[in-house]
Amino acid sequence: MFSTVLPDVLIQGWALQLSPELASRAQFGWTISVHIIFASLSVGLAPFIVHFTWKDVRTDDERFTRLRSFWVKVFAAGFVMGTVTGIPMSFQFGTNFPQFAEVAGELIGGPLAFEAKMAFFLEAVFLGVLLFGQERVSDRTYILSSVLVGVGAWLSAFWILIVNAWMQTPQGFEMITRNGVEVAKLTDPLAAFFTPRMPWMYVHMVNASVISVALLVAGVSAYIVWKKRDAATWNTALKLAVIILLVTAPLQAVHGDAYGRHVADTQPQKFAAMEAHYETGTADLHLLAFPKSIDAITDPKAENLFTVSLPGVGSFLATGGDFDAEVLGLNEYEENPPVAMVFWSFRFMVGLGFLFIGLALWGGYLIYNGRLSESNRFLKTMIAASPLGYAALLTGWYVTEIGRQPWVIQGELRTSEAVSSTLNGTEATLTLVGFVVIYIGLILVALHVLRWLVEDELRELGVKVPDDDRWYGPVPKVSDDD
């Protein structure tokens, strides 16, 4: 539903007005971009919460008590922000994309209702137990509460991705005419729920969420350890985050390779856009691509890019083994997605993925040598890398969503046909601006809460924080050497 293209803007008086379609796409894209940060925080943090809660209850170790308390608060803040940013999306189906809601309502209504009633409330109820109920329930119930919070978060992702996967590879329905409008009628719920895309998308998205949170945990832990080297609690968290990265980062690369072949089979146009492959024939894999001109940034093609490529490897990846296989080019299609966004987003995502593997191996090497908290370079690198998991997750999402354009339901309904016919450019542009301003405010609030929690933790450890009126103890002198 979301595509980013060069806007065809209309200058009317002093106002910069977008077309209703472009403004609606941008609004939904911005809304889901912010929401997905908080939603993936819940999904990725869930296994950490379960681990910290179980270790806290079973060992009564102060390290895990502190980690559980800190990250449950982060989870709660993310849950609230995810709720606030997610609710408007359902209304946007009616205000901005009513034709989509009418055509696909019978297919998407059930999963969205299940997400709210089965997953959201499960997560909300037992998060309350985690926050306020430790002294009121048994240890077994408290541990079970952490598990059910995690189940709720992962179920929420499951039902939402069922909807999106159906939009990518729709099945289990037939198009009928109802009240003069052609709509999708559900004929096979299992086929509609478990489309060919669903297992690929779910595994990739959940693992991406865990990677993003592992980098966040590692970054926060590295910062606190950098300030206080003997902080046992945060040395433990840093080590755990690196170990999780050692498992999840390589898994994402292997799974992504297989996922790419599935995309080539089911959405060949999207695969061609990922490689900016215009002419049908053998496809190369562009490891690196640099634009030769300004135009090449917005319209990348083989002739206007300087590339470091592997000949035929694009064909190999598309087919799973044939270097000479023919891959359909973008010139075969009447309409194409914004190729630049798909092409550059894909490279950014893949490049970050390999960076994460490198960071995990570096951290694993330091753990092996017992020097994880001693390397200033590693600690500073992990602090800097803490938001990059979300950057990779978002650009991957853009490849998925923008690469499907011009379709909102692949092969059945174009995005341009799904936009409200009564919405004008002024209304759409003003609401877009409103969402941008409000959601930026919510992001700033979330960052402030995280900063407040980290500074409070530093105070507990006796470390002076900026703008603090009290001195809590000496800040360790740190050199830049390993």
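Residues numbered from 1 in each chain as written. Predicted model: local features only at pLDDT ≥ 70, side-chain atom pairs only at ≥ 80, totals over all residues. Heavy atoms only, no water.

Per an unreviewed UniProt entry, the recorded name for the protein is Cytochrome ubiquinol oxidase subunit I, and the organism is Halorubrum miltondacostae. Regarding the protein, the relevant UniProt record gives this comment under Subcellular location (unreviewed entry): "Cell membrane". (UniProt positions renumbered as here; feature names shortened; annotations may be inferred.)

A. Just the overall build of the protein, in detail. Tallying secondary structure elements over the protein gives 15 helices and 8 strands in all. A globule of 482 residues ought to have a C-alpha radius of gyration of about 23 Å, and the protein, at 24 Å, matches this closely. Here the C-alpha coordinates of the protein stretch approximately 70 × 50 × 50 Å along the principal axes. Look at the contacts in the protein between residues 6 or more apart in sequence, and 77% of them connect residues 24 or more apart. Each charge class in the protein was averaged separately, 32 positive and 45 negative side chains, and the resulting centres sit 11 Å apart. (Helix = DSSP H or I, 4+ residues; strand = E, 2+ residues; numbered from the N terminus. Rg over C-alpha atoms; globule rule 2.2 N^0.38 Å. Contact = heavy atoms within 4.5 Å. Lys, Arg positive; Asp, Glu negative; His and termini not counted. Charge placed at Lys NZ, Arg CZ, Asp CG, Glu CD.)

B. Broad picture of the side chain of T395. Structurally, T395 is set in helix α13 (residues 388-402). Residues within four places of T395 in sequence aside, it is in contact with S345, F348 and M349.

C. Fine view of the packing of helix α1 (residues 20-59) against α13. Across the interface, α1 lies against α13 with an axial gap of 11 Å and an inter-helix angle of 125 degrees. Classed by the angle they form, the pair α1 and α13 counts as oblique. For the pair α1 and α13, the sense of crossing is right-handed. Side by side, α1 and α13 meet where I32, S33, I36, I37, S40 and L41 of the first sit next to Y390, L393, L394, W397 and Y398 of the second. When its residues are assigned to classes, the contact of α1 with α13 shows 9 nonpolar, 2 polar and no charged. (Axes fitted to C-alpha atoms, helices over the stretch in contact; angles between N-to-C directions. Parallel < 35°, antiparallel > 145°, perpendicular 65-115°, else oblique. Left-handed = near helix turned anticlockwise from the far one by under 90°. Nonpolar A, V, L, I, M, F, W, Y, C, P; charged D, E, K, R; others polar.)

D. Fine view of α13. Taking 1.5 Å per residue as the helical rise, α13 with its 15 residues ought to reach 21 Å, and the 21 Å between its terminal C-alpha atoms agrees with that figure. Counting buried positions over the 15 residues of α13 gives 13, a clear majority of the element. (Expected span 1.5 Å × (residues − 1). Buried < 20%, exposed > 50% of the residue type's maximum accessible area, 1.4 Å probe, protein only.)

E. Quick peek at a nonpolar patch on the surface. Together, L287, L288, F290, F306, V308 and L310 make up an exposed nonpolar region whose accessible area comes to about 530 Å². For the nonpolar patch, the secondary structure elements donating two or more residues are β5 (285-291) and β6 (305-310). Locating F306 in the fold gives a position in strand β6. (Patch = residues over 30% accessible without salt bridge, like charges linked within 9 Å, V, L, I, M, F, W, Y side chains within 5 Å. Areas by Shrake-Rupley, 256 points an atom, 1.4 Å probe, with all protein chains shown as cover. Salt bridge = Lys/Arg side-chain N within 4 Å of Asp/Glu carboxyl O.)

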